[in-house]
Structure formats: C-alpha cells, structure tokens
Amino acid sequence: MAAADECDAAASLAEFHASRAGVHGLVESGVTALPPLFLAPGCGSGRSPPPPPATTTTAASAIPTVDLSLPRSATVPLVRAAARSCGFFHVTNHGVPHGTVASAVAAARAFHEQPAASRSPCYSLAPVGGVAYSTIPIQQPPPPPQDSSSDHRAATAASPLLPWRDSLVVRFGPGAAPDLGSLPAACRDALPEYQRSLTGFGKEMAGLLSDALGVGAERLEREMQVEGWLMACHYYPPCPEPEMVVGSLEHTDPSLFTVLVQDAVGGLQVRREEDGGGGGGGEWVDVAPVAGALLVNVGDVLKVVSNEEYKSVEHRVVIKSSQDARVSIALFFNPAKRDASDLFGPLPELVTSERPAQYRRFSLPEFMRSRRESGHGKSSIDSFRIAAD
Ligand SMILES: O=C(O)CCC(=O)C(=O)O
Ligand SMILES: [Fe+2]
C-alpha cells in the first residue's frame, strides 16, 4: 500500500469510528458500495471477488454433540474425543434455562438494533465501566513510526481491515459489577443473568475437560481458578455483497475455553485440521446452529495446559446473508489467576519422556502481550513452543 493510500485508510478508519454507529450504522445509512476498509484480503481495490472459499461442509455431524443428560461415564469420553479432534462441540441438556439464553440473545440484538443515537454514546474502543461497543479493527493501526524511513512491508501488514461486525463487550469481573446503565433495560437484566447462569455451566465444563485429560475433575480449577467474566455480544449486519467482507477473520481464542450461542442465521466455520494442526490447510466446515445447544471450543491456554492433547482450532465467521443480521454471544472462560507471577504451562502429569512439554511456562500478561504483537492468529501461542530437538 502506498503512503498516500495508507493516509486515506487511516483517515477513513478515523471517520468510521467518529460516526460511532458501527457497521450497522453504514447499513442504516443505505450504503450500496462497500467502503475499502471492509474489503477482505484478496478482494483488492479493483473490487473483483476474492478467490473462491475453501470447500465447506454443512453436515451437522461434523461437530460432535455432548448430551449432558447421559451419565458422566459417557460424557467424559465424548468430551475427550471432541477436544482432541475438532476442538469444538455442542452441548445439549446443559441445564441453562432456555429463556435465559433466548433473553440474552434478544437483548444483544436489542442493543445493536436500537436507534444509532441511543447506541452511539456507548461507542468506545476502550472499555468504560466494563462496557465497550465498537467495530474492533482486525489489524490494529500501525504504531507511530520510530524513524522516518518507513518500512513498506511493515506498513502494509499493519493496514487496517474492518470486520463486518459490531461487538458489545462486557467485562463482568473481577471485582465490582460493570456499570450497565448506558444499555437498554433488556440488557441490564438479561446479560448478567446469562453470565451468572453460565458460571455454573462453565464450572461443569472445566470439570469435564479436566476429567477427560485424566488428571481428575478438580485439577484445572485448582491450577488456575476458572472464571467467565468476558462477554462479547456480536452483531453481523446483513451485507449487500456478503462475499466481499469478513465477519470474523480466522483466529483461535486466547481463552481456556469459550462458550458460544448463535442464532439460526449461521456463518461460523471451523478449520478441519487433517495434519494435526499448524499447517494452515484443511477445509472450512460450517458450524450449523443447533437450536437449544451451547457450543464449547477449546482455546489456546487449555491447548497449552493440556500439553497439546486438546486442540485450539481456527475458526472464522462468513456473512451468509444480504437480508438477515446474525447475533452471537461468546463468553470467554479464562484463568482468574492472571498476575505476572502466575505461570501456566503443560500440567506436569501430562509431561512424560514420550511426550515432553510442548510449551514453556508463561503468565497471562505475557501471553496477551504476545497476542497483541503477533496479531490474533494462531501464531501467538507458537512463541511459547519448545522447539523439538
Ligand atoms: O460469532 C461467532 O460465531 C464467533 C465469535 C468468535 O469467534 C469470538 O468471539 O471469538
Ligand atoms: Fe473465536
């Protein structure tokens, strides 16, 4: 990207954020041609469509299901197989009341669909009172240059790309409850209720995932104290040219594990890794919505703690519709122990002479710094990998 284009891109990005109305604001203003900031890699400025997407499969059976009404002797092996193969699984009969989930999804939609003038006061790229509503750029704008000889490649790599998605991010902890006063009434009740309900579910998942590693049900909780404080309510507006944009760029989650609920629109895809991961190949598989189910996926921290017995699989969101907005809510479960002195690494029980430690120990602040620096792709965790002899 030439320097003049970069200035244009930075100015357009600043203008976009200044509108404080998100992608939905663009749609509401009747945009017909997509602003360049949203053009997915491969679309170029000539507005030719991107290369055809990798094959996708819609078979519902592609994503395993764990039915929690089964006895534990049956669910543990199911969790174990799912976490080691595709890293994603649906959970049915999970005990979280249907109304609690439905109200949270409706509240997320209500937030994003209130008039722009009502949601814009919440627009912020940094959380205020634990709440931030924004379109989070996929690549952060480049830091100010250190010297005047700007490196062309570095500048290109840092050029902004906006996802076709607005997010309301709420941080529920630690400490005092977030200030939800700026949100519509429906959100003020439904979102904390959902977060509370999922706390119990998250503990159950942590127990199952721990048990399925063969280290006992309490081990993960004892090691890191599992919390589910970070909630992202995503809204993917309908797009006039869905194939030209990115709903969510391929990434792995930095969490221990994530619990996702999505409405019936669809668009989430996971990469099926045939080579054991890391190869960047594999086909994209649709995660077809399953009514009433919660979707659990393994994140990078659990992949490390499990000494890579579990997979943290890349996923992305494509925009399926030029008519319907899609709503999803991700609740990220993370270690509550997150001081620079709290080190995580493969559990010692899982390290043997046949299976040496695959990662060195690190703290959460160290991991988050690495993630900021190397982008949100799966490579950030690789900086902690112990090279094989
Ligand atoms: O919207 C979705 O289905 C996925 C969201 C996601 O991957 C995330 O928040 O990390
Ligand atoms: Fe994700």
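Residues numbered from 1 in each chain as written. Chains lettered and ligands numbered in written order. Predicted model: local features only at pLDDT ≥ 70, side-chain atom pairs only at ≥ 80, totals over all residues.

**Things to note about the overall build of the protein chain**
Our working rule: Secondary structure elements follow DSSP: runs of H or I of four or more residues count as helices, runs of E of two or more count as strands, with numbering from the N terminus. Any residue surrounded by 20 or more other C-beta atoms within 10 Å of its C-beta is treated as buried, while 12 or fewer makes it exposed and the intermediate range makes it partly exposed; C-beta atoms here are placed from the backbone. Throughout, a residue-residue contact means that the two C-beta atoms, derived from backbone geometry, are no farther apart than 7 Å.
Secondary structure summary: the protein chain contains eleven helices and 15 strands in total. Taken over 389 residues, the protein chain has a buried fraction of 37%. Look at the contacts in the protein chain between residues 6 or more apart in sequence, and 77% of them connect residues 24 or more apart.

**Some thoughts on the site of ligand 1**
Formally: Defining nearness, a residue is near a molecule or strand when the C-beta atom obtained from its backbone falls within 6 Å of it. Each residue gets one of three labels, nonpolar for Ala, Val, Leu, Ile, Met, Phe, Trp, Tyr, Cys and Pro, charged for Asp, Glu, Lys and Arg, and polar for the others, Gly among them.
Taken together, the neighbourhood of ligand 1 is formed by Ala232, His234, Ser248, Asp253, Leu260, Gln262, Leu268, His315, Val317, Ser328 and Ala330. Of all elements in the fold, only strand 6 (226-236), strand 8 (257-262), strand 12 (315-317) and strand 13 (326-335) reach the threshold of two or more residues within the shell around ligand 1. Looking at the shell around ligand 1, its residues break down into five nonpolar, five polar and one charged.

**A short note on the pairing of strand 6**
Basically, it comes down to this: By this definition, two strands are paired if DSSP reports at least two bridges between them.
Taking burial as the measure, the eleven residues of strand 6 include nine buried ones, the bulk of the element. Of the pairings in the sheet, the one linking strand 5 (residues 166-171) to strand 6 comprises six bridges and is antiparallel in character. If you follow Val170 over to strand 6, its bridge partner there is Met231. In this structure, strand 6 lies alongside strand 13, joined through nine bridges in antiparallel fashion. Pairing of Val226 across the sheet is with Pro335, part of strand 13.

**Focus: the packing of helix 3 (residues 72-85) against helix 7 (residues 185-211)**
Worth spelling out the cut-off: Throughout, an axis means a line fitted to C-alpha atoms (over the contacting stretch in the case of helices), and angles, computed between N-to-C directions, take values from 0 to 180 degrees. In these notes the angle categories are as follows: under 35 degrees is roughly parallel, over 145 is roughly antiparallel, 65 to 115 is roughly perpendicular, and the rest is oblique.
Running from N to C, helix 3 and helix 7 cross one another at 80°; their axes reach a closest spacing of 8 Å. Here helix 7 runs roughly perpendicular to helix 3, going by the angle between their axes. Contacts between helix 3 and helix 7 pair Thr75, Val76, Val79 and Ala83 from the former with Leu208, Leu209 and Asp211 from the latter. Partitioning the contact of helix 3 with helix 7 into residue classes produces five nonpolar, one polar and one charged.

**Considerations on the pairing of strand 9 (residues 268-271)**
Burial of strand 9 is two-sided: the residues Leu268 and Val270 facing one way and the residues Gln269 and Arg271 facing the other way are all buried. Where strand 9 meets strand 12, three bridges bridge the pair, whose relative direction is antiparallel. Paired with Leu268 across the bridge in strand 12 is Val317. Pairing analysis gives three bridges linking strand 9 to strand 10 (residues 284-286), with the strands arranged antiparallel. Following the sheet pairing, Val270 is matched in strand 10 by Val285.

**Regarding the sheet that holds strand 4 (residues 131-134)**
Overall, mixed pairing links the eight strands, which are arranged 2-3-11-8-13-6-5-4 in an open sheet. If you trace the sheet from one side to the other, it starts and ends with strand 2 (65-67) and strand 4, each paired once. Strand after strand, the sheet turns through a mean of 20° between neighbouring axes, direction not considered. Sitting on the sheet, helix 3 is in contact with strand 2, strand 3 (88-92) and strand 11 (294-298), with an inclination near 165° to strand 2.

**Concerning the packing of helix 4 (residues 98-113) against helix 7**
Two quantities define a packed helix pair, namely the angle between the axes and the distance from one axis to the other. Just so we agree on the cut-off: The sense of a crossing depends on the near helix, which, turned anticlockwise from the far helix by less than a right angle, makes the crossing left-handed and, turned clockwise, makes it right-handed.
Relative orientation of the contacting elements helix 4 and helix 7 amounts to 135°, with a least axis distance of 8 Å. If you check the angle between helix 4 and helix 7, you find them oblique. Considering how the two elements wind past one another, helix 4 and helix 7 form a crossing that is left-handed. Facing Thr100, Val101, Ser103, Ala104, Ala106, Ala107, Ala110 and Phe111 of helix 4, the residues of helix 7 in contact are Ala186, Cys187, Ala190, Leu191, Glu193, Tyr194 and Ser197.

**Regarding the environment of Val105**
Mapped onto the fold, Val105 is located in helix 4. The partly exposed category is assigned to Val105, around which 18 C-beta atoms lie within 10 Å. For the pair Val105 and Cys233, spaced 128 residues apart in sequence, the C-alpha separation works out to 8.2 Å.

**Regarding helix 3**
Inclusion rule: The span one expects for a helix is its residue count, reduced by one, times 1.5 Å. Note that the arc is computed from the directions linking the helix axis to the C-beta atoms.
With 14 residues, helix 3 extends 20 Å between its outermost C-alpha atoms, agreeing within 8% with the 20 Å of an ideal straight helix rising 1.5 Å per residue. For helix 3, the set of buried residues is Val76, Val79, Ala82 and Ala83. Looking straight down helix 3, one finds that the buried residues subtend no more than 135° of arc, so they occupy a single side. Of the exposed residues in helix 3, the ones pointing more than 90 degrees away from its buried face are Ser73 and Ala74. Buried residues belonging to helix 3 abut strand 2, strand 3, helix 7 and strand 11.

**Remarks on unusual backbone geometry**
For the bond from Gly173 to Pro174, the omega torsion is 0°, close enough to zero to count as cis. With respect to the helices, strands and loops of the structure, Pro174 is situated in the loop between strand 5 and helix 7. Phi at Asn93 is positive, roughly 50°, even though this residue is not glycine. Looking at where Asn93 falls in the secondary structure, it is placed in the loop between strand 3 and helix 4.

**Observations concerning the nonpolar core**
In plain terms, the rule: Among buried residues, those of type Ala, Val, Leu, Ile, Met, Phe, Trp, Tyr and Cys that are joined through C-beta atoms within 7 Å form a set called a nonpolar core.
The biggest cluster of nonpolar side chains holds 85 residues, and the ones touching the most others in it are Val79, Ala108 and Leu209. The element contributing the most residues to this core is helix 7, with ten residues.

**Section: the environment of Phe16**
Relative to the helices and strands, Phe16 is located in helix 1 (residues 3-19). On the neighbour-count criterion, Phe16 (21 C-beta atoms within 10 Å) is buried. Sequence separation of Phe16 and Val31 is 15 residues, and the distance between their C-alpha atoms is 13 Å.

**Points about the confidence of the model for the protein chain**
For the record, the criterion: Values of pLDDT, ranging from 0 to 100, describe the predictor's confidence in every residue of the model.
Counting all residues, the mean pLDDT for the protein chain is 88, and 85% of those residues have values of 70 or more. Counting interchain partners and residues more than four positions distant, the pLDDT-below-50 stretch residues 147-157 has six contacts. Both scores are available for the predicted complex, with the pTM at 0.91 and the ipTM at 0.99.

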